[in-house]
Protein chains: 2
Amino acid sequence: MSTATPPDADDAHDGGASPAMHERVLEAVGSAIAAGSLPPGSRLTLEGLQQEYGISRTVARDSMKVLESMNLVYSRRRVGIVVQERRLWNLFDPKLVRWRLGSVRRDIQYSSLTELRIAVEPIAAAGAARRASAAERARLVYLAAELRRLGEAGELEAFLAVDIEFHCLLLQSCGNEMFTALEGMVAEVLTSRTQQGLMPFKPRNEALQAHEDVAVAVARGDAVAAETAVHHILDEVRNAMGLH
Amino acid sequence: MSTATPPDADDAHDGGASPAMHERVLEAVGSAIAAGSLPPGSRLTLEGLQQEYGISRTVARDSMKVLESMNLVYSRRRVGIVVQERRLWNLFDPKLVRWRLGSVRRDIQYSSLTELRIAVEPIAAAGAARRASAAERARLVYLAAELRRLGEAGELEAFLAVDIEFHCLLLQSCGNEMFTALEGMVAEVLTSRTQQGLMPFKPRNEALQAHEDVAVAVARGDAVAAETAVHHILDEVRNAMGLH
DNA sequence: TGACACCAAAAGATAGTATCTATGGCTCGA
DNA sequence: TCGAGCCATAGATACTATCTTTTGGTGTCA
């Protein structure tokens, strides 16, 4: 105990259960850029960050290095840290997706993701039909049945959870690591859709049937049928987006 | 060399345009992880990195922060910096894609990307049909004609360049920023396919026709036709991958 | 006596602070 | 136009604080 441990009441300024200082800064600056309140061309300096957030140079540097690796900023001597044009951002970085979903630009990010989902999921289902394990196939069938049960009972919240698991399982079992990496984003989209009230109160029978068709097709190993059935699931989403 | 700041004659590697020290370390460690020579669970320490690469703590930290933000590693006190399981990597980070394409795991990355392309491009074409500018539509038609000319002349290299521009233009004009962000990856895949000799010496007439169909459909604003025509382009690729 | 469980202290590593030198590249004035 | 000067990052170094794994010691029970 000799090790001092000064009670140091002023530890409080640290924000208590602080999730690491540099994360706080990263979140603050990153989301400001994502939201557009720090538009492309804006300049920051390490000095300024240190003062604004009460941090040391190291922490400021760490945060900026991460933003730089996401191509949200670049830094040049004598100039400082400059916000990049949007076109160059790493739009697939999960942190950036999260920031954008939390900003006023929500809608753009949401529709981009939905379109991505429309693109990827059918192919993922085809992959799953070819490569899923026996356990995964069985689970898909089970989840589809659960979806019908919960959907017909109108239990939207439980329905959402199972729906997420269903779609994520497809992405996991499709044998394409990059598709699997989209799991979190699909979960976000589905959650968001329900929260925004874009889901019908009771899922349409066609949608429930389509989920069952997907599960059966994957279980049978019928890639073409699986792909087609997922298209049917997503047609509803497409219509909601005003496509087709 | 001691620690004392030698102007560093031995910094020969620095010869001229040195891409910043921390990038060198980032590249070295990152590609080692991507290639699997630092398997998940491996441990590094800042101390070790400093000695191995002859860098200061600052640089070592910067590099690790970037790898951490890509989820390639995590760091814990008392343990060091630990390589993450593959499942958690940010597989869409362009740096990681590049490292993987440059490693012995090339093939996995290549087929993941190809499948992604199969998924995304049809939807991108549909988007382009709806939202492309007049200039973009015209350019697509021009590029399709160029493709036929070069294809029939057997000029594979020029054909590749135009093919890349064609597909990238689709991604740019589709109105979905996330699709646009995949441009670089599609270019990689197409280049790689030609380099690997996976292209027929003369592009098949069906493929040339399909490109023209895409261009015309986009120009007319016919989303469904554009999507279908891209499917035809990619069928060849699908077959080459043993899908369907 | 030996084996096991539990607790406390040591040690090893990052997290963060503070400060210094080197260098590139704007800006402005002659 | 060209050069001096200044500003801000790049990078180095040396701390302190803190977390957490290891390890070793102690006590209890078979």
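To be clear, the structure that these remarks concern was listed above.
Residues numbered from 1 in each chain as written. Chains lettered and ligands numbered in written order. Predicted model: local features only at pLDDT ≥ 70, side-chain atom pairs only at ≥ 80, totals over all residues. Heavy atoms only, no water.

**Considerations on the overall build of chain A**
Going by this rule: Here a strand is any run of E in DSSP of at least two residues, a helix any run of H or I of at least four, and the numbering for each starts at the N terminus. Every radius of gyration here is taken over C-alpha atoms, with the globule rule written as 2.2 Å times N^0.38, N being the number of residues. Only protein chains enter the accessibility calculation, which uses a 1.4 Å probe. A residue is then buried if its area is under 20% of the maximum for its type, exposed if over 50%, and partly exposed in between. Contacts: residue pairs with any heavy atoms within 4.5 Å of one another. The protein chains shown are the only cover counted for residues, whose accessible areas, like all others here, come from Shrake-Rupley with a 1.4 Å probe. Asp and Glu are treated as the negative residues and Lys and Arg as the positive ones, with His and the ends of the chain left uncounted. A charged residue contributes its charge at one atom only: NZ of Lys, CZ of Arg, CG of Asp or CD of Glu.
Per the secondary structure count, chain A includes eleven helices and three strands. Helices (α) and strands (β) of chain A occur, in sequence order from the N terminus, as α-β-α-α-β-β-α-α-α-α-α-α-α-α. Computed over its C-alpha atoms, the radius of gyration of chain A comes to 23 Å, more than 25% above the 18 Å expected for a compact globule of 244 residues. Principal-axis analysis of the C-alpha atoms gives chain A an extent of 60 × 50 × 35 Å. Residues classed as buried in chain A amount to 49% of the 244 residues present. Considering only contacts in chain A between residues 6 or more positions apart, those separated by 24 or more positions represent 65%. Of the accessible surface of chain A, which amounts to about 11400 Å², a share of 53% is contributed by carbon and sulfur atoms. The averaged location of the 32 negative side-chain charges in chain A is 7 Å from the averaged location of its 27 positive side-chain charges.

**Regarding the protein's contact with DNA strand C**
Which entries qualify depends on this criterion: Here, proximity means that at least one heavy atom of the residue falls within 4 Å of the molecule or strand. Side-chain atoms alone can form a polar contact between residues adjacent in sequence; in general such a contact is a pair of N or O atoms within 3.5 Å, and within protein one must be able to donate a hydrogen while the other accepts it.
In the vicinity of DNA strand C there are 20 residues, among which Ser56(A), Thr58(A), Leu46(B), Arg61(B) and Arg77(B) approach most closely. Protein-proximal atoms of DNA strand C, defined as those within 4 Å of the protein, fall in sugar or phosphate at a share of 64%. Separating a base nitrogen of DNA strand C from a side-chain N or O atom of Arg61(B) is a distance of 2.7 Å. Between DNA strand C and the protein, one listed contact pairs a sugar or linking oxygen with a side-chain N or O atom of Arg77(B) at 2.8 Å.

**Observations concerning helix 3 (residues 57–69) of chain A**
Residues and elements named next belong to chain A. Heads up, the rule is: Multiplying one less than the number of residues by 1.5 Å gives the expected span of a helix.
In this model helix 3 runs 18 Å from its N-terminal to its C-terminal C-alpha over 13 residues, within 8% of the 18 Å that 1.5 Å per residue would give. Regarding helix 3, the residues found buried are Val59, Ala60, Asp62, Ser63, Met64, Lys65, Val66, Leu67 and Ser69. Residue Asn71 follows helix 3 closely and has a positive phi angle near 60 degrees.

**Side note on the pairing of strand 2 (residues 73–76) of chain A**
Residues and elements named next belong to chain A. This is how the line gets drawn: By this definition, two strands are paired if DSSP reports at least two bridges between them.
Where strand 2 meets strand 3 (residues 80–83), four bridges bridge the pair, whose relative direction is antiparallel. From the neighbouring strand, Ser75 faces strand 3, where its bridge partner is Ile81. The loop that links strand 2 with its antiparallel partner strand 3 comprises three residues; one of these, Arg78, has a positive phi angle of about 70 degrees.

**Notes on unusual backbone geometry**
Residues and elements named next belong to chain B. One non-glycine residue, Asn71, adopts positive backbone phi at about 65 degrees. Structurally, Asn71 can be placed in the loop between helix 3 (57–69) and strand 2 (73–76). In this model, Arg78 sits at a positive phi of 75 degrees, which is unusual for a non-glycine residue. Here Arg78 shows up in the loop between strand 2 and strand 3 (80–83).

**Thoughts on the interface of chain B and chain A**
Spelled out, the test is: Throughout, the accessible surface (probe 1.4 Å) given up by two parts as they are put together, summed over both, is called the buried area. Criterion for a salt bridge: a side-chain nitrogen of Lys or Arg within 4 Å of a carboxyl oxygen of Asp or Glu.
Each partner contributes to the interface: chain B provides 40 residues, whereas chain A provides 40 residues. Both faces combined, the contact of chain B with chain A buries some 3700 Å², and carbon together with sulfur accounts for 58% of it. In terms of surface lost to chain A, no three residues of chain B exceed Phe92(B), Glu177(B) and Met178(B), which account for 20% of the buried area on that side. Across the salt bridge formed by Glu177(B) and Arg100(A), the nearest N and O atoms sit 2.7 Å from each other. At the junction of chain B with chain A, the criterion picks out 17 residue pairs in polar contact (both at pLDDT 80 or more). Among the secondary structure elements, those contributing two or more residues to the side of chain B that touches chain A are helix 3, helix 4 (94–101), helix 5 (106–131), helix 8 (177–180) and helix 11 (223–240) of chain B.

**With respect to the pattern of salt bridges**
A complete count under the given rule lists 36 salt bridges over all chains for this structure. Two residues, Glu121(B) and Arg117(B), come together in a salt bridge whose shortest N-O distance is 2.3 Å. Taken as a pair, Glu121(B) and Arg117(B) lie in helix 5 at a separation of four residues, close to a single helical turn. Both residues of the pair, Glu121(B) and Arg117(B), belong to the buried class. Among the charged side chains, a salt-bridge network with shared partners connects Arg86(A), Arg100(A) and Glu177(B).

**Examining the relation of the copies chain B and chain A**
The line we're drawing: The copies were overlaid with a least-squares fit restricted to C-alpha atoms from residues scoring a pLDDT of at least 70 in each copy.
After a rotation of 180 degrees and a shift along the axis of 0.1 Å, chain B superposes on chain A with an RMSD of 0.2 Å. The relationship between the two copies is best expressed as a two-fold rotation axis. A symmetric contact is evident, with 100% of the interface residues of chain B recurring at the interface of chain A.

**Some thoughts on helix 7 (residues 156–173) of chain A**
Residue and element names in this part refer to chain A. Over its 18 residues, helix 7 runs 25 Å from end to end, which matches the ideal 26 Å to within 8%, given 1.5 Å per residue. Taken as a whole, helix 7 has its buried residues at Phe159, Leu160, Val162, Asp163, Ile164, Phe166, His167, Cys168, Leu169, Leu170, Leu171 and Ser173. The inward-facing, buried residues of helix 7 contact helix 5 (106–131), helix 6 (134–153), helix 8 (177–180), helix 9 (183–195), helix 10 (205–220) and helix 11 (223–240). The first or second residue beyond helix 7 is Gly175, which carries a positive phi of 85 degrees.

**Structural notes on the side chain of Arg100(A)**
Following the sequence through the fold, Arg100(A) ends up in helix 4 (residues 94–101). Every residue in contact with Arg100(A), bar those within four places of it in the chain, is listed here: Ala34(A), Arg86(A), Trp89(A), Leu91(A), Arg105(A), Arg106(A), Ile108(A), Gln109(A) and Glu177(B).

**Some remarks on the packing of helix 1 (residues 21–35) of chain A against helix 4 of chain A**
Residue and element names in this part refer to chain A. Note the threshold: Here an angle of 0 to 180 degrees is reported between the N-to-C directions of two axes, which are lines fitted to C-alpha atoms, with helices fitted over the stretch in contact. Take the far helix as your reference; a near helix turned counterclockwise from it by less than a right angle gives a left-handed crossing, and one turned clockwise gives a right-handed crossing. Asp, Glu, Lys and Arg are counted as charged, while Ala, Val, Leu, Ile, Met, Phe, Trp, Tyr, Cys and Pro are counted as nonpolar; the rest, among them Gly, fall into the polar class.
Interhelical geometry of helix 1 versus helix 4 gives an angle of 65 degrees and a closest axis separation of 9 Å. Helix 4 is crossed by helix 1, and the crossing has right-handed handedness. Here Leu26, Glu27, Gly30, Ser31 and Ala34 of helix 1 lie close against helix 4, whose contacting residues are Lys95, Leu96, Arg98, Trp99 and Arg100. Tallied by class, residues from the contact of helix 1 with helix 4 come to four nonpolar, two polar and four charged.

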